[in-house]
Amino acid sequence: MAWQVEWRNEPADRCRALAELDALLDRLHREGKPILVQVTGPSKQGTLGIGLGLALSVLSHTPDSGEPPYRVSLGDPLAEGGTDFFMAGHHTEMENRWLIPMDLAREAMRHFCRTGELSDSVVWDEV
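Just so you know, these numbers come straight off a predicted model, no measurement behind them.

Draft legend 1. How the structure looks around the nonpolar core. Ranked by internal contacts, the top residues of the largest apolar core, which has 23 residues, are Val5, Val37, Val39, Leu52, Leu59 and Met109. Of all the secondary-structure elements, those providing two or more residues to this core are β1 (3–6), α1 (18–30), β3 (35–40), β4 (47–52) and α2 (102–115). Apart from the residues within four sequence positions on either side, Val39 is in contact with Trp3, Gln4, Val5, Leu21, Gly46, Thr47, Leu48, Met109, Phe112 and Cys113. Core analysis: the next-biggest nonpolar cluster, separate from the first, contains 10 residues, Val72, Leu74, Met87 and Met94 among them.

Listed below in structure tokens is the structure:
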């Protein structure tokens, strides 16, 4: 089993074990730069993006087909404004209502990688 991991303008990294993926995400988070990292599974589970580098995170899911429904984590539905993240050098503003605690986002990423499913521990918004 291997996951493709993308966050920069270079070919995707490949992680063959969940521990290896966790270590890479830990390293990127510790850099303290708000980035979006896209993790694509080995089967037809699609891609789950995670925001790293800040106290809060965001998750975004794109199905393998590339077609809707697209899902994003939902934190405080009344939160206003947005938070900037970068993906491959491009600015992306994520709505603050989509931000969730980092530990919840990381556990949801592990669940996605283990099962190919979105975690029921996260409230998902369809966009």
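Now, onward.
Draft legend 2. The side chain of Thr47, seen in detail. Counting through the fold element by element, Thr47 comes out in strand β4. Polar side-chain contacts of Thr47 include one of 2.8 Å to the side chain of Thr40. Beyond its immediate chain neighbours, meaning those up to four positions away, Thr47 contacts Gln38, Val39, Thr40, Ser60, His61, Thr62 and Phe112.

Draft legend 3. Here's a closer look at the pattern of salt bridges. In the structure shown here, the tally under the stated rule is 12 salt bridges. For Glu31, the salt bridge is made with Arg27, and the minimal N-O distance between the two is 3.3 Å. Judged by its relative accessible area of 41%, Glu31 is partly exposed. When salt bridges that share partners are traced, they join Asp22, Asp26, Arg106, Glu107, Arg110 and Arg114 into one network.

Draft legend 4. Geometry of unusual backbone geometry. Note the cis peptide between Pro68 and Pro69, where omega equals 10°. Along the chain, the position of Pro69 falls in the loop between β6 (59–62) and β7 (71–73).

Draft legend 5. View of the pairing of β3. The buried fraction of β3 is high, at six of six residues. Across the two faces of β3 the burial is the same, with Ile35, Val37 and Val39 and Leu36, Gln38 and Thr40 all buried. The sheet contact formed by β1 and β3 spans three bridges and is antiparallel. Within β3, the position partnered with Glu6 by the bridge is Gln38. Note: β3 against β4, six bridges, orientation antiparallel. Looking at the pairing, Gln38 lines up with Gly49 of β4. Hairpin geometry of β3 and β4 is characterised by an intervening segment of six residues between the two adjacent antiparallel strands and by a positive phi of about 90° at Gly46.

Cut-off values and rules
Residues numbered from 1 in each chain as written. Predicted model: local features only at pLDDT ≥ 70, side-chain atom pairs only at ≥ 80, totals over all residues. Heavy atoms only, no water. Core = buried A, V, L, I, M, F, W, Y, C linked by side-chain atoms within 4.5 Å. Buried < 20%, exposed > 50% of the residue type's maximum accessible area, 1.4 Å probe, protein only. Helix = DSSP H or I, 4+ residues; strand = E, 2+ residues; numbered from the N terminus. Contact = heavy atoms within 4.5 Å. Polar contact = N/O pair within 3.5 Å; in protein donor to acceptor, adjacent residues only side chain to side chain. Salt bridge = Lys/Arg side-chain N within 4 Å of Asp/Glu carboxyl O. Pairing = 2+ DSSP bridges.

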